[in-house]
Amino acid sequence: MNDLYFLDKNPSLDTITFREPRPEDGPRVTRLIARCPPLDPNSAYCNLLQCTHFADTCILAEHPNEDELLGWISGYRIPNAPDKLFVWQVAVAETARGQGLASSLLERLLARPGLDDVRFIVTTITPDNDASWAFFRGFAARHGHSIVERPLFEKERHFAGRHETEWELTIGPLSAVHSTPSGGNTP
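Residues numbered from 1 in each chain as written. Predicted model: local features only at pLDDT ≥ 70, side-chain atom pairs only at ≥ 80, totals over all residues. Heavy atoms only, no water.

## So, the side chain of Asn47
Next, step 1: In this fold, Asn47 is placed in helix α3 (residues 44–52).
Next, step 2: On the basis of relative accessible area, Asn47 is assigned to the buried category, the value being 0%.
Next, step 3: Discounting residues that sit within four places of it in the chain, Asn47 has contacts with Gly26, Val29, Thr30, Ile33 and Asn42. (Helix = DSSP H or I, 4+ residues; strand = E, 2+ residues; numbered from the N terminus. Buried < 20%, exposed > 50% of the residue type's maximum accessible area, 1.4 Å probe, protein only. Contact = heavy atoms within 4.5 Å.)

Listed below in structure tokens is the structure:
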């Protein structure tokens, strides 16, 4: 992204395009995630698979005049619980933070016709990722959804002490029909 463009003005939700990823978006996804610590970096191949095999459960945000992505959500349906959408990563470029972009991404993703039977959002968060805790708790509160938190993958037991415990959050139940959020374009 040309950082100079955003020094003078920040992107507004009305000028951002939201869409499903395509294979050629893989490198841009990789670069965005790398700029969003504490997110775990994925391999370029993993991001390419998300942009192809899981495109229907991923969404990106871009400004039409910029090369780099402004936002990204990767997710997938949990294989043995297809009414649950696992949100793997939420990444928002520093220049686009504080404008509700992450919420817009998630709302637009959930508004897709192919996801109208999703009843729960599931994610995992490490204890030190304050931004993710605030985002998902805030999303649940704004939409009147309950939230259940429990440790899922433990530091010593599952990560051999090399990664903090991942706490699972389950948000829902969501309404059977999701509405398209206002502002910007549609999914």
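## Things to note about unusual backbone geometry
In most cases, non-glycine residues show a negative phi, while peptide bonds are predominantly trans.
Next, step 1: Residue Pro38 is reached from Pro37 by a cis peptide bond, and omega for that bond is 15°.
Next, step 2: Looking at the secondary structure, you find Pro38 in the loop between α2 (26–34) and α3.
Next, step 3: The peptide bond linking Gly172 to Pro173 adopts the cis configuration, its omega dihedral lying at 0°.
Next, step 4: In this fold, Pro173 is placed in the segment after β7 (166–172).
Next, step 5: Non-glycine residue Ala160 carries a positive phi angle of around 50°.
Next, step 6: Summarising the element assignment, Ala160 is placed in the loop between α6 (155–159) and β7.

## Looking at the nonpolar core
Next, step 1: The biggest cluster of nonpolar side chains holds 29 residues, and the ones touching the most others in it are Ile73, Val87, Leu101, Leu106, Leu110, Ile121 and Phe136.
Next, step 2: Those elements that provide at least two residues to this core are β2 (59–62), β3 (69–78), β4 (81–92), α4 (101–110), β5 (120–125), α5 (130–143) and β7.
Next, step 3: With sequence-adjacent residues up to four places away left out, Ile121 is seen in contact with Leu85, Val87, Leu106, Leu110, Phe136, Phe139, Leu169, Thr170, Ile171 and Leu174. (Core = buried A, V, L, I, M, F, W, Y, C linked by side-chain atoms within 4.5 Å.)

## Comments concerning the packing of α4 against α5
Next, step 1: With their axes 11 Å apart at the nearest point, α4 and α5 run at an angle of 60° to one another. By the criterion of interaxial angle, the relationship of α4 to α5 is oblique. Like other packed secondary-structure pairs, α4 and α5 cross with a definite hand, here right-handed. Of α5, the residues touching α4 (which contributes Ala102, Ser103, Leu106, Glu107 and Leu110) are Phe135, Phe136, Phe139, Arg142 and His143.
Next, step 2: Its residues placed into classes, the contact of α4 with α5 shows six nonpolar, two polar and two charged. (Axes fitted to C-alpha atoms, helices over the stretch in contact; angles between N-to-C directions. Parallel < 35°, antiparallel > 145°, perpendicular 65-115°, else oblique. Left-handed = near helix turned anticlockwise from the far one by under 90°. Nonpolar A, V, L, I, M, F, W, Y, C, P; charged D, E, K, R; others polar.)

## Here we look at the environment of His145
Next, step 1: Tracing the sequence through the fold places His145 in the loop between α5 and β6 (146–153).
Next, step 2: A relative accessible area of 18% places His145 in the buried class.
Next, step 3: Taking C-alpha positions, His145 is 6.2 Å from Ile171, a pair spaced 26 residues apart along the chain.
Next, step 4: For His145, the residues in contact, after removing those within four places along its chain, are Phe139, Ala140, Ile171, Gly172, Pro173 and Leu174.

## Quick word on α2
Next, step 1: Regarding α2, the residues found buried are Gly26, Arg28, Val29, Leu32 and Ile33. The buried residues of α2 occupy one face: seen down the axis, they fall within an arc of 160°.
Next, step 2: Tucked inside the fold, the buried residues of α2 contact β1 (17–19), α3, β2, β3 and β4. (Arc of directions from axis to C-beta.)

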